[in-house]
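# Survey of secondary and tertiary structure
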Amino acid sequence: MDVKIESSWKVQLQDEFDKPYFASIVDYVKKEIATRHTVYPPGSLMFNAFTRTPWDDVKVVILGQDPYHGYGQAHGLCFSVPRGVKAPPSLVNIFKEIQSDLGITPPDHGCLEKWTEQGVFLLNAILTVRANTPASHSGIGWQTFTDAVIRKISNEKAGIVFLLWGNFARAKKALIDQSKHYVLEAAHPSPLAGGAFNGCRHFSRANELLAQQGKTPIDWSL
């Protein structure tokens, strides 16, 4: 299948695009739209995480679950929202942790594109959602695809820092070769976790791990 995705990722993932399950995902999403359901993010942003962080640039992986399901929120980067859209509660808590960890004042927006330009791959495990219906596309095959993406990164790269927040993301640890990568785990930043995310210091720890490898640390300010 000819998928419109950033060229370096297209080379890496072509085998997945040619498998029957991926055609089934495409058919499902097309039928949703054809039956007048709104799907987020818009098609042009479905692979935005890949567009923003090409294969060779990946240094840190942050894994989310599925896109925001409210109007105007999802733009293909986990936890991020476009400028002008109010930062959701989980993202607010991420900014609070960055402030506590690194002394960086929270921004007045929730757009994380600056991180992606430095090699932070903001991948949702599920890449689409029906409007106002969380996890509605969780069973259509996206996780087969994104699990393959995680395995590909694990198998063919070294020294990647994976930030896994919450039980859903932490379950993906089994896909990662911890003998050559770094896995930092914490509770989910959602307020529903009761503040258990606070104090994880993942942002400074990620930078320490990058610096140990001679890689440029991430500027977490926005």
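Preceding this section is the structure that the text describes.
Residues numbered from 1 in each chain as written. Predicted model: local features only at pLDDT ≥ 70, side-chain atom pairs only at ≥ 80, totals over all residues. Heavy atoms only, no water.

## Some words on helix α2 (residues 20–34)
Two residues of an α-helix separated by three or four positions point the same way, owing to the 3.6 residues in each turn. What counts here: A run of H or I in DSSP counts as a helix once it spans at least four residues, and a run of E counts as a strand once it spans at least two, with each numbered from the N terminus. Take the residue count of a helix, subtract one, and multiply by 1.5 Å to get its expected span. Exposure is judged per residue with a 1.4 Å probe applied to protein chains only, and the accessible area is read against the type maximum: over 50% gives exposed, under 20% gives buried, and values in between give partly exposed. Directions drawn from the helix axis to the C-beta atoms are what define this arc.
Over its 15 residues, α2 runs 21 Å from end to end, which matches the ideal 21 Å to within 8%, given 1.5 Å per residue. Taken residue by residue, α2 has Tyr-21, Phe-22, Ile-25, Val-29 and Glu-32 as its buried positions. Taken down its axis, α2 places every buried residue within 105 degrees of arc, on the same side. Exposed residues pointing more than 90 degrees away from the buried face of α2 are listed as Pro-20, Lys-30, Lys-31 and Ala-34.

## Points about the packing of aromatic side chains
As a reminder of what qualifies: For Phe, Tyr and Trp, rings pair up if their centres lie within 6.5 Å, where Trp contributes its six-membered ring, and each pair is then called stacked (planes under 30 degrees apart), edge-to-face (over 60) or tilted (otherwise). We call a charge positioned over a ring when the NZ of a Lys or the CZ of an Arg lies within 6 Å of the ring centre and within 35 degrees of the ring normal.
Scanning the entire structure with this criterion turns up 20 aromatic pairs. Taking the centre distance of 6.2 Å and the plane angle of 75 degrees together, the rings of Phe-47 and Trp-142 count as edge-to-face. Of this pair, Phe-47 sits in the loop between β1 (39–40) and α3 (48–52) while Trp-142 sits in helix α6 (residues 142–156), placing them 95 residues apart in sequence. Pairing Phe-50 with Phe-145 gives two aromatic rings, centres 6.1 Å apart and planes at 45 degrees, and the pair type is tilted. Linking Phe-50 in helix α3 with Phe-145 in helix α6, this pair joins segments that are 95 residues apart in sequence. With a relative accessible area of 0%, Phe-145 lands in the buried category. Residue placement shows Lys-157 over the ring face of Trp-55; its charged tip is 4.4 Å from the ring centre.

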